[in-house]
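Chain by chain, the residues run as shown.
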Amino acid sequence: MSESLFADASKRLEKALKYASVSEDAIERLKYPKTSLSVSIPVRMDNGSLRIFQGYRVRYDDTRGPGKGGVRYHPNVCMDEVQSLAFWMTFKCAVLNLPFGGAKGGVTVNPKELSRLELERLSRGYIDAIADFIGPDVDIPAPDVYTNPMIMGWYMDQYSIIRRQLSPAVVTGKPLAIGGSLGRDTATAAGAFYAIEALMPKFEQPPEATTVAVQGFGNAGAHLAQMLSKAGYKVVAVSDSQGGVYAKKGLDIPSIRRFKDSHKGIQAIYCEDTVCNVIEHEVITNEELLGLDVDILIPAALENQITEANVNSIKAKYIFEVANGPTTSGADKILEEKGVYVFPDILVNAGGVTVSYFEWVQNRSGFYWTLDEVNHRLKVKMVEETQQIWKIAQELSISMRTAAYVHALNRLGEALSAKGTRDYYINS
Ligand code: NAD
């Protein structure tokens, strides 16, 4: 794709503007990231050599509260990607009415090539580099692709060392032992599951008559595949970065998860083996998975998976975006013309940041909730916002994506105006 990811992401905003009640000033403000930080992180490798890694943190907007967003470790991480992810976080937090703005971070690295100690030194180095840029009331990191609770624990510890005070609320997605929340590990999947359960009855599509394909068998995709399978949906295909498996009668998700878990590497951080090794199922490529004749397609891996190049092969009737930005705006247009319902990332995958918010609240109050309390509160929020966006989409005859942006824009616009924009001075 020649166009930048951020330019493509911004098109969604432009499309929603004509339906939202937002001032000109607010619109202009939301077109640009508020602050973008680029850092170099020196890391002493196990063999004694020094390597410099590139890191980023972007706070897109903090009108509704401190910045909030994960940190990604991936070889393709760049400023354009981090800005786009921070943009989506801004709208996601507004969609769920969380008192947060949007932020995101990343380090350009293939973490699978690092030893555990190199990974820890890199993670602590990243926090050293961005410590003045984050904080419980400023910007709160969390896990994203190829980062996990253990890394969040290192982040929290390093930040606390720098500040000389325990600061659990500076990062979410931590291990339970140091202030993590129950239910955070399954939150993104659970949120997506509640959204699916709220929406599918509108199409009179019962679980047992619904086939599902899930691209990406990581934290979000694997948990969701298991939840759907348990609820009676027929999950016929799953994949990871190496490829996928397909079984017409439905896959045994718990056994695939056990297989992946038992083959994980050092400290169970990354999968060494892939779901392709479960040989009793038909092996398929990721491209084949996307084109399967299923009812629901769930991209839960990375962005830009459904593009103008492959959109015509999509046969699913419903797409639930668990990954951030899996569909390009060009592909989106074609899917809309084909009558495919696309349920957008900023709603569907918002369960993760919602339970991150719950974790932050628990850290600040020092009072911890039960798993049932967390899941109940998550369900209430997801169902409420899903129904509101559905209503906006129906009333304005627009797609669920545009409706989600309208919903978020109205909240962001109201907050920007309430802070006092130039409108006040012009009118007085
Ligand atoms: P993860 O690292 O746990 O898993 C990613 C999975 O995708 C892995 O199984 C990996 O093998 C697979 N993958 C990578 N490239 C692929 C490809 N080209 N084709 C198929 N599979 C591929 O990450 P995660 O936390 O599950 O996140 C997945 C997506 O969900 C990301 O877009 C992330 O931004 C989004 N998301 C995650 C959370 C969360 O709380 N985990 C919250 C919101 C959004």
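Keep in mind that what you see is a predicted model, and the values were worked out from it rather than measured.

What counts, and where the lines are drawn
- Residues numbered from 1 in each chain as written.
- Predicted model: local features only at pLDDT ≥ 70, side-chain atom pairs only at ≥ 80, totals over all residues.
- Heavy atoms only, no water.
- Patch = residues over 30% accessible without salt bridge, like charges linked within 9 Å, V, L, I, M, F, W, Y side chains within 5 Å.
- Areas by Shrake-Rupley, 256 points an atom, 1.4 Å probe, with all protein chains shown as cover.
- Salt bridge = Lys/Arg side-chain N within 4 Å of Asp/Glu carboxyl O.
- Helix = DSSP H or I, 4+ residues; strand = E, 2+ residues; numbered from the N terminus.
- Domains from an automatic or database assignment.
- Contact = heavy atoms within 4.5 Å.
- Buried area = accessible area lost by both parts, 1.4 Å probe.
- Polar contact = N/O pair within 3.5 Å; in protein donor to acceptor, adjacent residues only side chain to side chain.
- Pairing = 2+ DSSP bridges.
- Axes fitted to C-alpha atoms, helices over the stretch in contact; angles between N-to-C directions.
- Buried < 20%, exposed > 50% of the residue type's maximum accessible area, 1.4 Å probe, protein only.
- Arc of directions from axis to C-beta.
- Right-handed = clockwise from strand over helix to strand, strands pointing away.
- Expected span 1.5 Å × (residues − 1).
- Near = heavy atom within 4 Å.
- Nonpolar A, V, L, I, M, F, W, Y, C, P; charged D, E, K, R; others polar.
- Core = buried A, V, L, I, M, F, W, Y, C linked by side-chain atoms within 4.5 Å.
- Phe/Tyr/Trp six-rings, centres within 6.5 Å; stacked < 30°, edge-to-face > 60°.
- Lys NZ or Arg CZ within 6 Å of the ring centre and 35° of its normal.

Trainee: Provide a residue-level description of a nonpolar patch on the surface, including the pertinent values.
Mentor: A contiguous nonpolar patch, built from Leu176, Leu182 and Leu371 and spanning about 260 Å² of accessible area, is present on the exposed surface. Looking at where Leu176 falls in the secondary structure, it is placed in the loop between α5 (149-163) and α6 (187-199).

Trainee: With reference to specific residues and values, describe the domain arrangement of the protein chain.
Mentor: You'll often see interface size given as the accessible area lost when the parts meet. For the protein chain, the domain assignment lists domain 1 (35-174) and domain 2 (187-348). Inter-centroid distance (C-alpha atoms) of domain 1 to domain 2 is 27 Å. Counting residues at the interface gives 20 residues for domain 1 and 13 residues for domain 2. Considering only the side of domain 1, the residues that lose the most area to domain 2 are Trp88, Lys92 and Arg116, jointly responsible for 32% of the buried surface there. Connecting domain 1 to domain 2 are one salt bridge. Arg72 is paired through a salt bridge with Glu303; the nearest N and O atoms lie 2.9 Å apart. Here domain 1 and domain 2 share two residue pairs in polar contact (both at pLDDT 80 or more) between them. Among the secondary structure elements, those contributing two or more residues to the side of domain 1 that touches domain 2 are β3 (67-74), α3 (79-95), α4 (116-130) and α5.

Trainee: Tell me about the sheet that holds strand β5 (residues 139-143), and name the residues and values.
Mentor: Read from one edge to the other, the open sheet built from five strands follows the order β1-β2-β4-β3-β5, with strand pairing classed as mixed. Of all strands in the sheet, those with a lone pairing partner are β1 (35-44) and β5, marking the two edges. Across the sheet, the mean angle separating the axes of adjacent strands is 25 degrees when strand polarity is ignored. Note that β3 and strand β4 (residues 102-108) share four bridges and pair parallel. Of the residues in β4, the one forming a bridge with His74 is Thr108.

Trainee: Break down helix α8 (residues 253-262) for me, with residues and values.
Mentor: Looking at α8, one finds that the buried residues are Ile253, Ile256, Arg257, Phe259 and Lys260. Along α8, the residues classed as buried sweep out an arc of 160 degrees about the axis, all on the same side. More than 90 degrees from the buried face of α8, the exposed residues found are Arg258 and Ser262. In this structure, the buried side of α8 is in contact with α7 (219-230), β7 (234-240) and β8 (243-246).

Trainee: Requested: an account of the pairing of β7, with residues and values cited.
Mentor: Most of β7 is tucked away, with six of its seven residues classed as buried. A crossover connection joins strand β6 (residues 211-215) to the parallel β7 through α7; in handedness this β-α-β unit is right-handed. Bridge count for β7 against β8 is four bridges, and the pairing is antiparallel. Opposite Ala237, over in β8, you have Tyr246 as the bridge partner. Taking the residues that link successive antiparallel strands as the turn, the β7-β8 hairpin has two residues.

Trainee: Help me get a handle on helix α14 (residues 400-418), residues and values and all.
Mentor: The end-to-end C-alpha distance of α14, which contains 19 residues, comes to 27 Å, matching closely the 27 Å that a straight helix rising 1.5 Å per residue would cover. Buried residues dominate α14, accounting for 15 of its 19 residues. With its phi angle positive at about 95 degrees, Gly420 sits one or two positions after the end of α14.

Trainee: Now, about the site of the ligand: what can you tell me, with residues and values included?
Mentor: Around the ligand, the surrounding shell holds 23 residues, and the nearest of these are Asp144, Thr188, Asn219, Ala220 and Asn324. At a separation of 3.0 Å, an oxygen atom of the ligand approaches a polar backbone atom of Ala301. In the environment of the ligand, an oxygen atom lies 3.5 Å from a nitrogen or oxygen atom belonging to the backbone of Val322. When the ligand is considered free in solution it has 820 Å² of accessible area, and contact with the protein chains removes 87% of it. Elements supplying a minimum of two residues to the shell around the ligand: α7 and β7. Looking at side-chain class alone, the shell around the ligand contains nine nonpolar, 10 polar and four charged residues. Two domains share the shell around the ligand, each providing at least three of its residues, namely domain 1 (35-174) and domain 2 (187-348).

Trainee: Any details on the pattern of salt bridges? Residues and values, ideally.
Mentor: Evaluation of the coordinates by the stated rule reveals 25 salt bridges. Between Arg163 and Asp132 there is a salt bridge whose closest N-O contact spans 3.6 Å. Here Arg163 is found in helix α5, whereas its partner Asp132 is found in the loop between α4 and β5, with 31 residues between them in sequence. Residue Arg163 is classed as partly exposed on the basis of its relative accessible area of 33%. For Lys391, the salt bridge goes to Glu395, with nearest N and O atoms at 3.7 Å. Of the two residues, Lys391 and Glu395 are both situated in helix α13 (residues 371-396); the distance of four residues between them amounts to about one turn of the helix. Lys391 sits in the exposed class, given a relative accessible area of 52%. In this structure Glu395 comes out as exposed when scored by relative accessible area, which is 58%.

Trainee: Talk me through the nonpolar core; I want residue IDs and the actual numbers.
Mentor: With 91 residues, the main nonpolar core has Val238, Ile298 and Phe320 as its most contacted residues. Counting residues per element, this core draws most heavily on α3, which supplies 10 residues. A domain split of this core shows at least three residues from each of domain 1 (35-174) and domain 2 (187-348). If near-sequence neighbours (up to four positions away) are discounted, Ile298 is found in contact with Ile196, Val212, Ala213, Val214, Gln215, Leu224, Leu228, Phe320 and Val322.

Trainee: For the packing of aromatic side chains, give the residues involved together with the corresponding values.
Mentor: Counted by the stated rule, this structure contains 20 aromatic pairs. Ring centres of Phe100 and Tyr357 lie 5.7 Å apart, and the angle between their planes is 90 degrees; on these two criteria the pair is classed as edge-to-face. Taken as a pair, Phe100 in the loop between α3 and β4 and Tyr357 in helix α12 (residues 351-365) lie far apart in primary sequence, 257 residues in all. Within the aromatic cluster, the residues linked to one another by ring pairs are Phe203, Tyr318, Phe320, Tyr341, Phe343 and Trp390. Above the plane of the ring of Phe133 lies Arg59, whose end atom (NZ or CZ) is 4.6 Å from the centre. The ring of Trp369 has Arg377 lying over it, and the distance from NZ or CZ to the ring centre is 4.0 Å.

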